[in-house]
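# Structural description and commentary
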Amino acid sequence: MREEMPYGTEEGEGEEVGFPNNTHKRLVVVGYALTSKKTKSFLQPKLEGLARNKGILFVAIDHNRPLSDQGPFDIVLHKLSGKEWRQILEDYRQTHPEVTVLDPPDAIQHLHNRQSMLQAVADMNLSDSYGKVGVPRQLVVKRDASSIPDAVANSGLTLPIVAKPLVNDGSVKSHELSLAFDRYSLQKLEPPLVLQEFVNHGGVLFKVYIVGEAIKVVRRFSLPDVSKRELSKTAGVYRFPRVSCAAASADDADLDPGIAELPPRPLLERLAKELRRRLGLRLFNLDMIREHGTRDRFYVIDINYFPGYGKMPEYEHIFTDFLLSLVPAKYKKRSG
Ligand SMILES: Nc1ncnc2c1ncn2[C@@H]1O[C@H](COP(=O)(O)OP(=O)(O)OP(=O)(O)O)[C@@H](O)[C@H]1O
Ligand SMILES: O=P(O)(O)O[C@H]1[C@H](OP(=O)(O)O)[C@@H](OP(=O)(O)O)[C@@H](O)[C@@H](O)[C@@H]1OP(=O)(O)O
Ligand SMILES: [Mg+2]
Ligand SMILES: [Mg+2]
C-alpha cells in the first residue's frame, strides 16, 4: 500500500477523492502490463476516474526495469505473451506472495491451446433443470494434413466443420478460422488444428464476461446457420474474419425470442463458479451458443483470458469493486 498525503494536498487529485480531511488514505496500487491496444480499450478515462474516487491507482509497469524495483503493488494486472514475461511473473509471485497477480501465468497458459481450453467445460458435464452445457465434438490434428479426411470420417464428426489453429496465443494467425463444407478440403489447411463441429445457433452468440464473482452477458452476431441443402450444394473451405469480436452488438436487434433469449442466470452462475475454480482464473469470458431449435442445449466454443472488458456494460463499476474485494478491509475507503 502506498501512503498518500491528506486529501486535497496532491496536485490533480481533485475534489472527488472523497476521503475525509486530515486523514491519511491508502491507495490500492494496481500495476498493469498490457499491450497499448489493450491499455486503450481497458484503461478508459471513465475507469481511471472512478478508480481514483474509490482509492485505486493504476500504474504502468516499466519493462526496462526489474518488477521488484517498481511499486510496491497490491495487484498486478497483465496480458502479455512470451516465455520471458511468464518467468518474470512467476519469480515475482514467489518473492512477493503478498501481491495478487491477476491471473497466474500457468492458469492463463491453459487457454493457449484450443483443446485444453475447453476441457474443463467438457469435464464438468453441466446438466440441470436449466439446461445442458457442453462443447462441440472436436478432433485435434497435430500434423500431416493429408490424414484429415480419414481422421474426420473415423471420428464421426459431421460437416460443416470449423477449423481453428490449435495454438491460441493472441497472434493474428491464431484467430484465422475456416469453415469447411467437405472433409477433403481440410487438407489445404495447416495443422496443428482443432476441427470442431459447426453447431447451428441462429446467428447469435452470447459473450459471458466474468470478473471475479460478477457475470455479465451480451449478445453478438455470429456466423449464420448452414442448412442441409446449403451443405449438400457447397464444397471447399472458407476463411472467415473475427466475427464475434468485430461484430456489432446484437443486444438491440429485433431477433427471434427463441434465439435471443439469454442463457438462464442460474446456469451461468454454476458454469462460471465451476470454471473459475477449475481454470484458476478470475478474468475471462466465454463464447456460448444455443443449438438452434432447442431451448436449453448450450455449447461453449471459446474462452478468452482478459477479454475486451471495455465493451462490457458497467465494467468500470464491476472492475473497481472487484479490485477492492481483493485487498484487506483496512485499506478500503470507509463509506459514510
Ligand atoms: N463450433 C462452432 N459452431 C458454430 N459457430 C462457431 C463454432 N466455433 C466458432 N464459431 C463461430 O466463429 C467465431 C470465432 O470462433 P472462436 O470464438 O473460437 O474464435 P476466436 O478467434 O478465439 O474468437 P475471439 O475473438 O472471441 O477470441 C465464433 O464467435 C462463432 O461465431
Ligand atoms: O480486442 P478487445 O480488447 O475487444 O478484446 C479481444 C482480445 O483482444 P486483446 O486482448 O488483444 O485486446 C482477444 O484477445 P487475444 O485472443 O488477442 O489474446 C480476445 O480475448 C477477444 O475475445 C477479445 O474480444 P471480446 O471477446 O471481448 O469481444
Ligand atoms: Mg471467440
Ligand atoms: Mg478466442
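None of these values were measured; they are calculated from a predicted model.

Moving on, we come to the coordination of the magnesium ion (ligand 3). Coordination of the magnesium ion (ligand 3) by the protein is provided by Asp287 (OD) and Asp302 (OD), with metal-donor distances spanning 1.9 to 2.2 Å. Between the two metals, the magnesium ion (ligand 3) and the magnesium ion (ligand 4), the spacing is 3.8 Å, and Asp302 donates to both. Of this pair, Asp287 sits in strand β15 (residues 283-290) while Asp302 sits in strand β16 (residues 297-305); the two residues are 15 residues apart in sequence, bridging distant segments of the chain.

Turning to the site of ligand 1, a few remarks are in order. Around ligand 1 sit 25 residues in total, of which Lys164, His175, Ser222, Arg242 and Asn304 are the nearest. His175 places a side-chain nitrogen or oxygen 2.5 Å from an oxygen atom of ligand 1. Lys207 has a polar side-chain atom sitting 3.1 Å from an oxygen atom of ligand 1. Contact with the protein chains removes 97% of the 610 Å² of surface that ligand 1 exposes when unbound. When residues of the shell around ligand 1 are traced back to their parent elements, those giving at least two are β9 (161-165), β11 (193-197), β12 (204-211), α8 (243-246), β15 and β16. Among the residues forming the shell around ligand 1, the class breakdown is 12 nonpolar, 6 polar and 7 charged.

Our next topic: the environment of Arg220. Note on placement: Arg220 falls in strand β13 (residues 214-221). Residue Arg220 is classed as buried on the basis of its relative accessible area of 4%. Distance in space between the C-alpha atoms of Arg220 and Arg278 is 26 Å, their sequence separation being 58 residues. At 2.9 Å, the side chain of Arg220 and the side chain of Tyr209 are in polar contact.

So, about the UniProt feature "binding site: 1D-myo-inositol 1,3,4-trisphosphate" (unreviewed entry) in the protein. Here the UniProt feature "binding site: 1D-myo-inositol 1,3,4-trisphosphate" (unreviewed entry) sits at Lys38, Lys79, His175, Lys207, Asn304 and Gly308. Along the chain, Lys79 falls in strand β4 (residues 75-79). Residue contacts for Lys79: discarding those within four places in its chain leaves Ala33, Leu34, Thr35, Lys38, Tyr305 and Phe306. Within the secondary structure, Asn304 sits in strand β16. Here Asn304 falls in the buried class, since its relative accessible area comes to 14%. Ignoring anything within four residues of it in the chain, the contact list for Asn304 reads Leu111, Lys207, Leu283, Phe284, Asn285 and Asp287.

How each quantity is defined
Residues numbered from 1 in each chain as written. Chains lettered and ligands numbered in written order. Predicted model: local features only at pLDDT ≥ 70, side-chain atom pairs only at ≥ 80, totals over all residues. Heavy atoms only, no water. Donors = N, O, S within 2.8 Å, 3.2 Å for Na, K, Ca; no water. Helix = DSSP H or I, 4+ residues; strand = E, 2+ residues; numbered from the N terminus. Near = heavy atom within 4 Å. Polar contact = N/O pair within 3.5 Å; in protein donor to acceptor, adjacent residues only side chain to side chain. Areas by Shrake-Rupley, 256 points an atom, 1.4 Å probe, with all protein chains shown as cover. Nonpolar A, V, L, I, M, F, W, Y, C, P; charged D, E, K, R; others polar. Buried < 20%, exposed > 50% of the residue type's maximum accessible area, 1.4 Å probe, protein only. UniProt positions renumbered as here; feature names shortened; annotations may be inferred. Contact = heavy atoms within 4.5 Å.

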